[in-house]
Amino acid sequence: MTILINAAFVDQAMALFSQKAEVGDMVPALMGMLAILLWQNLSRTCLQYGEGVRERKLKETLQKAFLEKISNLEYRQLELSETQDLIQRVALAPEEHIKLTVESLEGLAILFLQNASVLWMVFLNVWWAGVFMIGGMVLLGILSLRAGGEDYQMQTHVTNEKRKLEYLSGVLLNKESALERTLFSYVPFVNGRYQRIFSQIYQKEKAVMKKWVIRGKTGGVVAALFAVSAMFLLLPGVKEGKMTPGLYISVITGVFSVINTITWNLEYHMKNLAKARAAIQDMTKFCALSQEQEEGEERVARKEMGNFESLEFRNVRFRYPGSGHDILKGVSFRLDAGKHYAFAGQNGAGKTTIMKLMLGLYPDYEGEIQINGKNRKECTRQEIRSLFACVWQDYAKYDVSVRENLCFDEKREEEELHAVLKQMGLMDTVEQLTNGLDTTLGRLDEEGTQLSGGQWQKLAIARAMIQASKGGRLLVLDEPAAALDPMAESRMYQGLGAFSKNEAAVFVTHRLGAVKHVDKIIVLEDGRVAEEGSHKALMERNGIYAKMYASQQEWYQ
Amino acid sequence: MLKILKFIFPKAVMASPGLFFTSNLFGLSTGLFIGIKTTLMASFFNAVAHIGTQGDQVLFWGIMLAALTLADEVSNGLLNYFYDCVNRKTTAGFMTSLHEKAGRLSPIVFERPEFLDRVNKASKGAEEATRFVSNVTGLFTTYIPYVLYMGIYLYGTDKILVFALLLLFLPVMLNQFIRGKIYADAEDRAARERRKRDYYRSCIFDMEYVKETRLLGKTYFFRNKFEDSLKKLLNMEQEADRNASLWKEAMAVITLLGYGEVLALLVSSLLRGEIEVGSFAAIFSSVGMMYGILEELVEGQLGAIAGNFGAVRNYVEFFAYPEKHQEGGKEEPHGCLECSLELKNVSFSYPDSSKMILKDINLSVKKGETIAIVGENGAGKSTLMKVMMGLYEPSDGTVLVEGTDTGKRGSYGSISAVFQRFQRYHMTGEDNLVIGDYDKERDIRGVMEQAGLSFQNEKLFPEGKDTMLSREFGGRELSGGQWQRLAIARAIYRERGILFLDEPTAAIDPLEESELYRHFERMCQGKTAVIVTHRMGCARIANRIVVLEKGKIVQLGTHEELYQEGGCYKRYWDVQAADYCG
């Protein structure tokens, strides 16, 4: 369109000049031209705005959908660094990849439409020049696409190195390492490492970029040659009067703009398309990750299972995926309702693994685990969950309000929350907060309050107590006092003791003195149960437990 | 704007002077080529309009044009290549400076969410700054030479035309200015919400949270929060987009009306016989092209510059954050391997908080003496330690190392430490040690042995000291206890006059714990050392014990003295010792 109107404008102006036409004849062409420009501009803005709206819609839908997928991934999948990588790569901003795909396709389509009219005109006048130009473009397209694929391969190759860069940058900028960073004054050292890794990546990328340019420009030069030949080949037509000079100028301007867009845009879109294609492959890989089954509500599950009665491990063997050796080598024990137990043993003996297995975090193990006499493999996630309340060694510190930290969106009586907080010795702290229970914790908000390590741990225990407040659950506490001071620790154990008097509880701790009153202590060593019995019995046995106990006792004599 | 340019340009040039120069050389040639191409094209078309009358001129200009088109292709390719190269280097350079700056700040500022936002924005701004630099240099090397060239060319034919064209772009420029402001403001508002959104999402899959979130069955809770946050973010974006689009269209209409006038002007000059018909065609096509290029210049180039201006400003402003001390780099350690440490009337409160965490602390640690600090959670033990180390500057009072006031300089050049939350560096085993004191050569083997580790242990370190300690980066992971030992080894590697140990045994089993206390005993022997602990048995290692309560020292003395004295200390001791008696 633009070309035709431009041609009309030039031709008419020339006609006007040679007195062949009236001044009035100019007006439609001029108006037409302005209208087209305005339309182009307006439609471009609308297109951009529309793209923005579409992009946001897409962002919302995709981010939600991908998060849903993430929430349903099997726990063991999440423990793998490849999965975490994949999530970082494709699942947090999936719209970017889709956008890239759509944009590059759209860009190519627009490019094609823009150029098709010019090519058509060339084709009409000198058909074989048109054919040559189309051939050249196709060739260029294929070359760029191939280069794009290579680019992506190189990208995945350096992704690992790039993550290292990001990690080092984090060490130099984050809050967590601020103390060591300052004390050790290691910024120049880590920055040196940063630069070294950067150079390695840079060398690799440079090589690929070189290839890119050579390949891309070979195509560009070929296309330019076609344009130039079209320029000469159309000349005789003008000479012979088959083509008006206005049309010739317009066509050649068009041909050169084709070359221009090819030089600047075709390569770019093709490269992006190839990148997008590879990212889509990643997305497909992510979507194929195994998922846990959708399940019903916990309340229903609870009815199904009733209260906690017993938990039994029968000769359970387990190894972590990708690990060369068994972490549990045939573990057997039984926990009954109403009793207190403690797990003891050296680091790496398998205590935390047993907890995770109990709670159904890993589906694959040998031997049998029975919950309330039912095979664990036949229980749903909800059913298992409904029988436990846990405090983990690496308890979560949720940056939400105190109330939400305790019971999330569940409705609980104010008195109940207060009672538990009091029991944990947290009530004073909470009362001092500006908004009491509704004070936001953590650093997400300017108004957020930061708790100390000990306070967070107390909060985590309080959370489990509230979860278990209706009774009938097995309370599992993994090193619950690591961050507590002596008085708080003692208070915590007393509080927990009173709270779970008639409930089942399992303590996992290195502080043997604190748990010596439990009904049974199970001592793990090297993936097996080495000893079990009451404190008294184990002391008499004079085995590992007695040795561990004595080593701690020594410091208090 | 000027200040920002003045700040980032030297940095950009220094990142790779050679590449910077080369890439801009090609930028310049590309700009000139486009200009020359336009005039060649005009001459060529002029010749075409007179085709048949002078014949051969067409061929001459045609060949010139063809040659230039090919040269342009090549120059363009080289430009792209060098720009890519220089941009990578520049980004790395910007990041390095950012890291250095962050290293010069007091660690206390990292406790503030407002500051963390700034860090976040600044590191995002580093990449934007690169784009900014290449856009600005492109403006000067490619666009301005071209516009000047064309301006001179057009000026030769019609003066008014040039001014009219330039005038046309005033509204477009104004639009870019407004646009930049709209997006920068939106970015400022969105940063916090984005952090929230990312956090809620991380509660669902991050290893720090996933186990608990799942077992509590509260995934949906965080998903709802995430969705709320996302919605808010998208609304902010929508609003900014809408405002920017409206402004843009309003300005575009004004510009186009002007463009119509310029064309009318052109026709009228033609009619009045001021230009001939060949030039008319040429000028017409150059006006079109000039308009196109100015549009690209203003919307593309200036638009991009305005668009990332906000982010670049965030980057640059970060460097204005007040520093702890003027010069960066390493603190010179005190010459002696044992230092005394004294606190005089030290009080401390966090900035922007009126609550005193430490109140009027007076404490003198003699050369070679070991002090233990005990007290309840929240009594201020960790803060006291950080003030003693010089990491936090006391609000009041002085900290003296070897009798000299450390003042603003901080005393940490003379200090080594194991923190409660020691870092697990995803680096090689050797780097994990060396990071503690990187410019000193030390006997790594001996240091490791003191912490009960050895790089010769192939089960732990299959590649010796070069073993990468991170599964994520293709290495192996250590257990909690092993990491703890490595942190201790790091502290030993950093041989300094005063040693701090903060509750270092949380994740360690009983036998190992006893072993570690013995390590500590040995490490502290004859050394100035400070231990913060909840384990009263461990506190006994110390020569003297400080009992802290609500930010004040309530008891100070040896174990025996304090036990006799009764009070808090006896209470703590009895409660823990009871576990191991009878």
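Residues numbered from 1 in each chain as written. Chains lettered and ligands numbered in written order. Predicted model: local features only at pLDDT ≥ 70, side-chain atom pairs only at ≥ 80, totals over all residues.

## Considering the overall build of chain A
Argument step 1. Along chain A, the regular secondary structure elements total 19 helices and 10 strands.
Argument step 2. Each principal axis of the C-alpha distribution contributes one length, and for chain A these read about 120 × 55 × 50 Å.
Argument step 3. For chain A, the residues scored as buried account for 42% of the 557 residues in total.
Argument step 4. Pairs at least 24 apart in sequence give 74% of the contacts found in chain A among residues at least 6 apart. (Helix = DSSP H or I, 4+ residues; strand = E, 2+ residues; numbered from the N terminus. Buried ≥ 20, exposed ≤ 12 C-beta atoms within 10 Å, placed from the backbone. Contact = placed C-beta atoms within 7 Å.)

## Regarding the overall build of chain B
Argument step 1. If you tally the helices and strands in chain B, you get 17 helices and 10 strands.
Argument step 2. A compact globule built from 582 residues should have a C-alpha radius of gyration of about 25 Å, whereas chain B, at 34 Å, is more than 25% larger.
Argument step 3. Overall, chain B is about 120 × 50 × 45 Å in size when its C-alpha atoms are taken along their principal axes.
Argument step 4. A total of 582 residues make up chain B; the buried ones form 49% of that total.
Argument step 5. When contacts within chain B are restricted to residue pairs at least 6 apart in sequence, those whose partners lie at least 24 apart make up 75%. (Rg over C-alpha atoms; globule rule 2.2 N^0.38 Å.)

## Digging into the interface of chain A and chain B
Argument step 1. Counting residues at the interface gives 120 residues for chain A and 126 residues for chain B.
Argument step 2. With 25 residues, the single largest contributor to the side of chain A that touches chain B is helix α8 (residues 187-239) of chain A.
Argument step 3. Classifying every residue of the side of chain A that touches chain B gives 65 nonpolar, 31 polar and 24 charged. (Nonpolar A, V, L, I, M, F, W, Y, C, P; charged D, E, K, R; others polar.)

## Some words on the sheet that holds strand β8 (residues 504-508) of chain A
Residues and elements named next belong to chain A.
Argument step 1. Pairing in this open sheet of 6 strands is mixed, and the strands run β6-β7-β8-β3-β9-β10 from one edge to the other. Edge positions in the sheet fall to β6 (388-391) and β10 (528-533), since each of these pairs with one other strand and no more. Strand-to-strand twist of the sheet, defined as the mean angle between neighbouring strand axes without regard to direction, takes the value 20 degrees.
Argument step 2. Across 4 bridges, the pairing between β6 and strand β7 (residues 474-478) is parallel. If you follow Ala-389 over to β7, its bridge partner there is Leu-475.
Argument step 3. Those strands touched by helix α16 (residues 453-467) are β6 and β7, and its axis lies near 175 degrees from that of β6.
Argument step 4. Its contacts with the sheet place helix α19 (residues 544-553) against β3 (340-345), β9 (520-525) and β10, and it is angled at close to 100 degrees to β9. (Pairing = 2+ DSSP bridges. Axes fitted to C-alpha atoms, helices over the stretch in contact; angles between N-to-C directions.)

## Some remarks on unusual backbone geometry
Residues and elements named next belong to chain A.
Argument step 1. Of note, Asn-315 is a non-glycine position whose phi angle comes to about 50 degrees, a positive value.
Argument step 2. Along the chain, Asn-315 falls in strand β1 (residues 310-318).
Argument step 3. Judged by the 12 C-beta atoms lying within 10 Å of it, Asn-315 is exposed.
Argument step 4. Unusually for a residue other than glycine, Asp-526 sits at a positive phi of about 50 degrees.
Argument step 5. Here Asp-526 shows up in the loop between β9 and β10.

## Concerning the packing of helix α17 (residues 486-499) of chain A against helix α17 (residues 567-577) of chain B
To characterise two packed helices, one gives the angle between the axes of the helices and the distance between these axes.
Argument step 1. At their nearest, the axes of α17 of chain A and α17 of chain B sit 9 Å apart, and the two run at 45 degrees to each other. It follows from the interaxial angle that α17 of chain A and α17 of chain B lie oblique. Here the hand of the crossing between α17 of chain A and α17 of chain B comes out left-handed. Packed against α17 of chain A, whose contacting residues are Pro-486, Met-487 and Ser-490 of chain A, the element α17 of chain B presents Arg-571, Tyr-572, Val-575 and Gln-576 of chain B at the interface.
Argument step 2. Its residues placed into classes, the contact of α17 of chain A with α17 of chain B shows 4 nonpolar, 2 polar and 1 charged. (Parallel < 35°, antiparallel > 145°, perpendicular 65-115°, else oblique. Left-handed = near helix turned anticlockwise from the far one by under 90°.)

## Regarding the domain arrangement of chain B
All names here are of chain B.
Argument step 1. Split into domains, chain B comes out as domain 1 (1-157) and domain 2 (341-580).
Argument step 2. The gap between the C-alpha centroids of domain 1 and domain 2 is 53 Å.
Argument step 3. In this complex, domain 1 contributes 4 residues to the contact, which on the side of domain 2 involves 5 residues.
Argument step 4. Across the side of domain 1 that touches domain 2, the residue classes tally to 2 nonpolar, 1 polar and 1 charged. (Domains from an automatic or database assignment.)

## Quick word on the nonpolar core
Argument step 1. Counting residues in each nonpolar core, the largest one holds 151 residues, and the members touching the most others are Ala-227, Val-255, Ala-462, Leu-474 and Val-506 of chain A.
Argument step 2. At 16 residues, helix α9 (residues 245-287) of chain A tops the list of elements feeding residues into this core.
Argument step 3. In contact with Val-255 of chain A, other than residues within four places in its own chain, are Val-118, Val-122, Ala-227, Ala-230 and Met-231 of chain A.
Argument step 4. Ranked by size, the runner-up nonpolar core spans 150 residues in total, among them Met-209 of chain A together with Leu-79, Met-150 and Met-251 of chain B. (Core = buried A, V, L, I, M, F, W, Y, C linked by C-beta atoms within 7 Å.)

## Quick look at the packing of helix α1 (residues 2-15) of chain B against helix α9 (residues 309-318) of chain B
All names here are of chain B.
Argument step 1. At a minimum axis distance of 10 Å, the contact between α1 and α9 shows a crossing angle of 70 degrees. When the interaxial angle is binned, α1 and α9 end up roughly perpendicular. Facing Ile-4, Phe-7 and Ile-8 of α1, the residues of α9 in contact are Val-312, Arg-313 and Val-316.
Argument step 2. Partitioned by chemical class, the residues of the contact of α1 with α9 number 5 nonpolar, no polar and 1 charged.

## With respect to the confidence of the model for chain B
Residue and element names in this part refer to chain B.
Argument step 1. The share of residues in chain B with pLDDT of 70 or more is 92%, and the mean pLDDT across the chain is 83.
Argument step 2. For chain B, helix α8 (residues 277-307) is the element with the lowest average pLDDT, namely 71, and strand β10 (residues 552-557) is the one with the highest, namely 94.
Argument step 3. Counting contacts from residues 326-330, a segment whose pLDDT is below 50, to residues more than four positions away or on other chains yields 5 contacts.
Argument step 4. Two summary scores accompany this predicted model of the complex, namely pTM at 0.78 and ipTM at 0.84. (pLDDT = per-residue confidence, 0-100.)

## Considering the sheet that holds strand β2 (residues 328-336) of chain A
All names here are of chain A.
Argument step 1. The sheet built from 4 strands is open, its strands ordered β2-β1-β4-β5 with antiparallel pairing. Every interior strand has two partners, whereas the edge strands, β2 and β5 (374-375), have only one.
Argument step 2. Note: β1 against strand β4 (residues 366-371), 5 bridges, orientation antiparallel. For Phe-313, the partnering residue across the bridge sits in β4 and is Ile-369.
Argument step 3. Along the sheet, helix α11 (residues 351-358) makes contact with β1, β2 and β4, crossing β1 at roughly 120 degrees.

## Some thoughts on helix α14 (residues 510-524) of chain B
Argument step 1. Given a rise of 1.5 Å per residue, 15 residues ought to cover 21 Å, and the 21 Å separating the end C-alpha atoms of α14 of chain B matches this to within 8%.
Argument step 2. Within α14 of chain B, burial applies to Pro-510, Glu-512, Glu-513, Ser-514, Leu-516, Tyr-517, Phe-520, Met-523 and Cys-524 of chain B.
Argument step 3. Its buried side turned inward, α14 of chain B meets α19 of chain A together with β3 (370-375), α13 (480-493), β7 (498-502), β8 (528-532) and α15 (536-539) of chain B. (Expected span 1.5 Å × (residues − 1).)

## Points about the environment of Trp-483 of chain B
Residues and elements named next belong to chain B.
Argument step 1. When you line up the elements, Trp-483 lands in helix α13.
Argument step 2. When the C-alpha atoms of Trp-483 and Arg-424 are compared, they prove to be 6.8 Å apart, with 59 residues separating the residues in sequence.
Argument step 3. Among residues more than four places away in sequence, those in contact with Trp-483 are Arg-424 and Leu-478.

## Some words on helix α10 (residues 381-389) of chain B
Residue and element names in this part refer to chain B.
Argument step 1. Within α10, 9 of the 9 residues are buried, which leaves it mostly tucked inside the rest of the structure.
Argument step 2. For α10, the complete set of buried residues consists of Lys-381, Ser-382, Thr-383, Leu-384, Met-385, Lys-386, Val-387, Met-388 and Met-389.
Argument step 3. In the stretch just after α10, Gly-390 is the one whose phi turns positive, near 85 degrees.

## Re the pairing of β10 of chain B
Residues and elements named next belong to chain B.
Argument step 1. In terms of strand pairing, strand β9 (residues 544-549) meets β10 through 5 bridges, oriented antiparallel. For Glu-549, the partnering residue across the bridge sits in β10 and is Lys-552.
Argument step 2. Taken together, β9 and the strand that follows it, β10, pair antiparallel across an intervening segment of 2 residues, in which Lys-550 is found at a positive phi of about 45 degrees.

## So, the environment of Val-118 of chain A
Argument step 1. The residue Val-118 of chain A is located in helix α5 (residues 94-125) in this model.
Argument step 2. Separated by 229 residues in the primary sequence, Val-118 of chain A and Asn-347 of chain A have C-alpha atoms spaced 74 Å apart.

## Focus: the confidence of the model for chain A
Argument step 1. Averaged over every residue, the pLDDT of chain A is 83; the share at 70 or more is 91%.
Argument step 2. Considering each helix and strand of chain A separately, the mean pLDDT is smallest for helix α1 (residues 2-17) of chain A, with a value of 64, and largest for β1 of chain A, with 95.

## A word on the pairing of strand β4 (residues 396-401) of chain B
A regular strand carries its side chains on alternate faces of the sheet.
Residues and elements named next belong to chain B.
Argument step 1. Strand direction decides the pairing type here: strand β1 (residues 341-349) and β4, joined by 5 bridges, are antiparallel. Bridging from a neighbouring strand, Glu-342 pairs with Leu-400 of β4.
Argument step 2. Strand direction decides the pairing type here: β4 and strand β5 (residues 404-405), joined by 2 bridges, are antiparallel. Paired with Leu-400 across the strands is Asp-405, a residue of β5.
Argument step 3. Hairpin remark: β4 followed by β5, antiparallel, with 2 residues in the connecting loop; positive phi at Glu-402, about 55 degrees.

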